[in-house]
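Geometric and topological summary
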Amino acid sequence: MTIEELVDIQEAGARARVLGIKPHESPYLAAARMPTRDTSAPGDWLARHDAWKFGWEAEDASRDGRISSFFRNLIASHAIRELHQRRHRDAEECAGLQP
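Residues numbered from 1 in each chain as written. Predicted model: local features only at pLDDT ≥ 70, side-chain atom pairs only at ≥ 80, totals over all residues. Heavy atoms only, no water.

Before going further, it helps to spend a moment on the overall build of the protein. Along the protein, the regular secondary structure elements total three helices and zero strands. Mapped from its N terminus to its C terminus, the protein presents α and β elements in the order α-α-α. Taking the principal axes of the C-alpha coordinates as reference, the protein spans close to 60 × 40 × 25 Å. For the protein, buried positions account for 19% of its 99 residues. Contacts in the protein between residues at least 24 apart in sequence constitute 60% of all its contacts with a sequence separation of at least 6. (Helix = DSSP H or I, 4+ residues; strand = E, 2+ residues; numbered from the N terminus. Buried < 20%, exposed > 50% of the residue type's maximum accessible area, 1.4 Å probe, protein only. Contact = heavy atoms within 4.5 Å.)

The next subject is the nonpolar core. Judged by nonpolar contacts, Ile9, Ala16, Tyr28, Trp45, Ala51, Trp52 and Trp56 together constitute the single largest core of seven residues. Sorting the residues of this core by element identifies helix 1 (3–18) and helix 2 (41–63) as the ones contributing at least two each. By residue number, the principal contributor to this core is helix 2, which donates four residues. In this view, Trp52 contacts Ile9, Ala12, Gly13, Ala16, Ile21, Lys22, Pro23, Ser26, Pro27 and Tyr28; residues no more than four positions away in its chain are not counted. (Core = buried A, V, L, I, M, F, W, Y, C linked by side-chain atoms within 4.5 Å.)

Turning our attention to the packing of aromatic side chains. Each aromatic ring pair is characterised by the separation of its centres together with the angle its planes make. The tally for this structure, following the rule as stated, stands at zero aromatic pairs. In this structure, Arg33 is placed above the aromatic ring of Tyr28, and the distance from its NZ or CZ to the ring centre is 4.7 Å. (Phe/Tyr/Trp six-rings, centres within 6.5 Å; stacked < 30°, edge-to-face > 60°. Lys NZ or Arg CZ within 6 Å of the ring centre and 35° of its normal.)

Taken together, the side chains of Ile67, Phe71 and Leu74 define a hydrophobic patch exposed on the protein surface, amounting to about 220 Å² of accessible area. Assessed through its relative accessible area of 36%, Leu74 is described here as partly exposed. (Patch = residues over 30% accessible without salt bridge, like charges linked within 9 Å, V, L, I, M, F, W, Y side chains within 5 Å. Areas by Shrake-Rupley, 256 points an atom, 1.4 Å probe, with all protein chains shown as cover. Salt bridge = Lys/Arg side-chain N within 4 Å of Asp/Glu carboxyl O.)

Our next topic: helix 2. Given a rise of 1.5 Å per residue, 23 residues ought to cover 33 Å, and the 33 Å separating the end C-alpha atoms of helix 2 matches this to within 8%. Burial in helix 2 covers these residues: Ala41, Trp45, His49, Ala51, Trp52, Gly55, Trp56, Ala58, Glu59, Asp60 and Ala61. After helix 2 finishes, the residue Gly65 shows a positive phi value of roughly 70 degrees. (Expected span 1.5 Å × (residues − 1).)

Bringing the side chain of Asp60 into the picture now. Within the secondary structure layout, Asp60 lies in helix 2. Accessibility expressed as a relative area gives 16% for Asp60, which makes it buried. With sequence-adjacent residues up to four places away left out, Asp60 is seen in contact with Arg17 and Arg66.

Let us look at the pattern of salt bridges. Scanning all chains against the criterion turns up four salt bridges. For Arg17, the salt bridge is made with Asp60, and the minimal N-O distance between the two is 2.8 Å. On the criterion of sequence distance, the pair formed by Arg17 in helix 1 and Asp60 in helix 2 is long-range, its members being 43 residues apart. Its salt-bridge partner being Arg48, residue Asp44 comes within 3.0 Å of it at the nearest N-O pair. Of this pair, Asp44 and Arg48 are both found in helix 2, four residues apart, which corresponds to roughly one turn of the helix.

Pasting the structure below:
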């Protein structure tokens, strides 16, 4: 999947919000688009789902005048996730050093 495809999916999510489609009506939640037994399918599906949801949420935030807080919260949640991952790696490394 290319970055252009992800941007197109984000735009589709934003258009869906403009058209009044609800988040739970995402086309990526349809049974036909759910991951199969293919091991690469879940990651691809998740990226597409998240791109559509991001587009929908960004458009929704812009309608309520919350666009600044939307991106501020997005950045903060990413920073928190990075901190938790770093702490988890550090704990694993310490556990590996102990007998």
